[in-house]
Amino acid sequence: AGALPVPVIGSCMPTRNLKNSTEYMTPGTYCGNWHFKGGVETIDMAPGVYVLNNSVWKFNGLMTGSDVTIYFTNGNSYLNTNGQGTIDIQAPTSGAYAGILMYEDYTISSLTSMHINGGQDAIVKGLIYLPSRDIKWNGNSGVESDSLTLVLNSLEVTGTTSWRIAPFETFSITAVGSGGTTEQVMSSIKLTAN
């Protein structure tokens, strides 16, 4: 906490109508709600640092990018996937933000939720440092990574989630009462190869 580099919070990127099948995003400071409409199949992120300042990104398609770092300035900033939305992003391998995929201002004290909904697999690589977040992973989805560290307040998994971690052993996590009204809340998950 407090050791990660804090990016410059610049002027807000201009908003635009997000409806193309592929939307190309560039690094910078994003403010307000960014709703990628149903016709947006891909959010292509150029390498760099994305600052979400009181900003919410909601999408149903694929978010993809390499050498990407996403910084959340406060609890009002988060990502939310819906439907068949999924993430395929990797942290930088060099520079000030090497290995950092997502992180937040370490002074955030209030707990907030972030949802990953849908049935698509997420491919992520890097550190996700969101200690003030309760991450809710909903639906029959999965995670695949050869380098992933999660620092969260809690991780709640509903449905059946398959985690594939290097050396790509598969670990199935099935929530209690899948398809019913109960769900399993896990405060931590430790994965080790067989």
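The following paragraphs examine the structure supplied in this document. (Residues numbered from 1 in each chain as written. Predicted model: local features only at pLDDT ≥ 70, side-chain atom pairs only at ≥ 80, totals over all residues. Heavy atoms only, no water.)

**Structural notes on the side chain of Ser77**
What counts is decided by this rule: Put simply, DSSP H or I for four residues or longer makes a helix, DSSP E for two residues or longer makes a strand, and each gets a number counted from the N terminus. Accessible area is worked out with a 1.4 Å probe on protein chains only. A residue is then buried under 20% of its type maximum, exposed over 50%, and partly exposed in between. Polar contact criterion, stated in full: a pair of N or O atoms within 3.5 Å, where within protein one must be able to donate a hydrogen and the other to accept it, and residues adjacent in sequence count only if both atoms are side-chain atoms.
Inspection of the secondary structure assignment puts Ser77 in the loop between β6 (68-72) and β7 (78-81). You can call Ser77 buried: its relative accessible area is 0%. At 2.7 Å, the side chain of Ser77 and the backbone nitrogen of Asn54 are in polar contact.

**Digging into the state of the cysteines**
Short version of the rule: Disulfide: a pair of cysteine sulfur atoms within 2.5 Å of each other.
Per the stated rule, a full pass over the model turns up one disulfide. Shown here is the disulfide that connects Cys12 with Cys31, its sulfur atoms set 2.0 Å apart. One quick way to see it: the torsion about the S-S bond of Cys12 and Cys31 is about -80°, and its sign makes the bridge left-handed. In this pair, Cys12 is assigned in the segment before β1 (22-25) and Cys31 in strand β2 (residues 28-35), connecting sequence segments 19 residues apart. Note on Cys31: relative accessible area 17%, which makes it buried.

**Describing the side chain of Asp134**
Put simply, the test is: Counted charges follow a simple rule, with Lys and Arg positive, Asp and Glu negative, and His plus the chain ends left uncounted. The term salt bridge refers to a side-chain nitrogen of Lys or Arg lying within 4 Å of a carboxyl oxygen of Asp or Glu. Residue contacts are counted whenever heavy atoms from the two residues lie within 4.5 Å of one another.
With respect to the element layout, Asp134 can be found in strand β11 (residues 121-137). Here Asp134 occupies a buried position and makes no salt bridge, while the nearest side chain of opposite charge, Lys136, is found at 6.9 Å. Here the side chain of Asp134 touches Asn153 through a polar contact of 2.6 Å, side chain to side chain. Polar side-chain contacts of Asp134 include one of 2.6 Å to the side chain of Ser154. Sequence-distant contacts of Asp134, defined by excluding residues within four places in its chain, comprise Leu111, Thr112, Ser113, Met114, Asn153 and Ser154.

**Overview of the packing of aromatic side chains**
Put simply, the test is: Only Phe, Tyr and Trp rings are paired, with Trp represented by its six-membered ring, and only when their centres lie within 6.5 Å; those with planes under 30 degrees apart are stacked, over 60 edge-to-face, the remainder tilted. In this analysis the charged atom, NZ for Lys or CZ for Arg, is taken to sit over a ring once it is within 6 Å of the ring centre and within 35 degrees of the ring normal.
According to the stated counting rule, one finds six aromatic pairs in the structure shown. Between Tyr50 and Trp57, the aromatic rings sit 6.3 Å apart at their centres with planes inclined by 80°, giving edge-to-face as the arrangement. On the accessibility criterion, Tyr50 (0% relative accessible area) is buried. With a relative accessible area of 1%, Trp57 lands in the buried category. Cluster of aromatic residues (ring-pair linked, three or more members): Tyr30, Trp34, Phe36, Tyr50 and Trp57. It is Arg133 that lies over the ring of Phe72; its NZ or CZ is 5.1 Å from the centre.

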